[in-house]
Amino acid sequence: MSASQLNFVLLEISNQLSDENLEKLKFLVRAQIGKQKLEKIKTGHQLFEALSERGQLADDKTDFLSNLLRQIQRNDLADKLNNLETQSRDPDNDISDTERAKLSIATEVIGQHLGKNWRKLGRKLKLSEVKLDSIATRHPTDLEETAVELLKEWKKIRSAEARAEELIAALRNCDLNLTADKIEERPEFEILR
């Protein structure tokens, strides 16, 4: 996503924040920004600018703000921010058809079998704790959706370099060999090798 696209969405979000929302956000970021600077902040876009200056918000780094918005129960605004990121980066665009098919099979199997070990796999795939928390907030009770969302985020990060073999290796490194075997044993997956 471009900086201008992000700024447009941030301005929209700022306009939709109530005074109470802004105060809650300021409370949540007091450790990152500091009391003196926070006292001068009167609008959402001023807060977003301060977060940008401190490296907490950029066109490729919106998870922190998204998580904050969810913590103050403004899921609508967090979704607006996440939708911009999703629209701007479709991870499937740069992947070959064969690899896309293999990743699709892997995603389906992992979604069905990963369960409560999704965070462990997320860490092996080098997703940040903020990203993992954001996923947990979006899908607090549905483990299959949580696993699918985890893999979407991983594919966004890895882009054209996303490979089913990397997922299988990460599963094995997490001692989730049964799930890795289920992917490799799928007839469709074996044909694609």
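Given the structure is predicted, the values throughout are model-derived calculations rather than measurements.

Thresholds applied
- Residues numbered from 1 in each chain as written.
- Predicted model: local features only at pLDDT ≥ 70, side-chain atom pairs only at ≥ 80, totals over all residues.
- Heavy atoms only, no water.
- Phe/Tyr/Trp six-rings, centres within 6.5 Å; stacked < 30°, edge-to-face > 60°.
- Lys NZ or Arg CZ within 6 Å of the ring centre and 35° of its normal.
- Helix = DSSP H or I, 4+ residues; strand = E, 2+ residues; numbered from the N terminus.
- Buried < 20%, exposed > 50% of the residue type's maximum accessible area, 1.4 Å probe, protein only.
- Contact = heavy atoms within 4.5 Å.

## So, the packing of aromatic side chains
Here comes step 1: The tally for this structure, following the rule as stated, stands at 0 aromatic pairs.
Here comes step 2: For the cation-ring pair, Arg-30 lies above Phe-27, with the distance from its terminal atom to the ring centre recorded as 3.9 Å.

## Here we look at the environment of Gly-55
Here comes step 1: By the secondary structure assignment, Gly-55 is in the loop between helix 5 (44-53) and helix 6 (63-71).
Here comes step 2: As for Gly-55 and Ile-33, which are separated by 22 residues in sequence, their C-alpha atoms are 11 Å apart.

## Let's talk about unusual backbone geometry
Here comes step 1: For Ser-159, which is not glycine, the phi dihedral falls at a positive 50°.
Here comes step 2: By secondary structure assignment, the location of Ser-159 is in the loop between helix 11 (143-158) and helix 12 (164-173).
Here comes step 3: What makes Ser-159 partly exposed here is its relative accessible area of 24%.
Here comes step 4: A positive phi is found at Asp-175, a non-glycine position, where the angle reads about 60°.
Here comes step 5: Owing to a relative accessible area of 60%, Asp-175 belongs among the exposed residues under this scheme.

## Overview of the environment of Ala-180
Here comes step 1: Within the secondary structure, Ala-180 is located in helix 13 (residues 177-185).
Here comes step 2: Among the residues examined, Ala-180 registers a relative accessible area of 0% and is labelled buried.
Here comes step 3: For Ala-180 and Val-148, which are 32 residues apart along the polypeptide, the C-alpha to C-alpha distance reads 15 Å.
Here comes step 4: Sequence-distant contacts of Ala-180, defined by excluding residues within four places in its chain, comprise Ile-168, Leu-171 and Arg-172.

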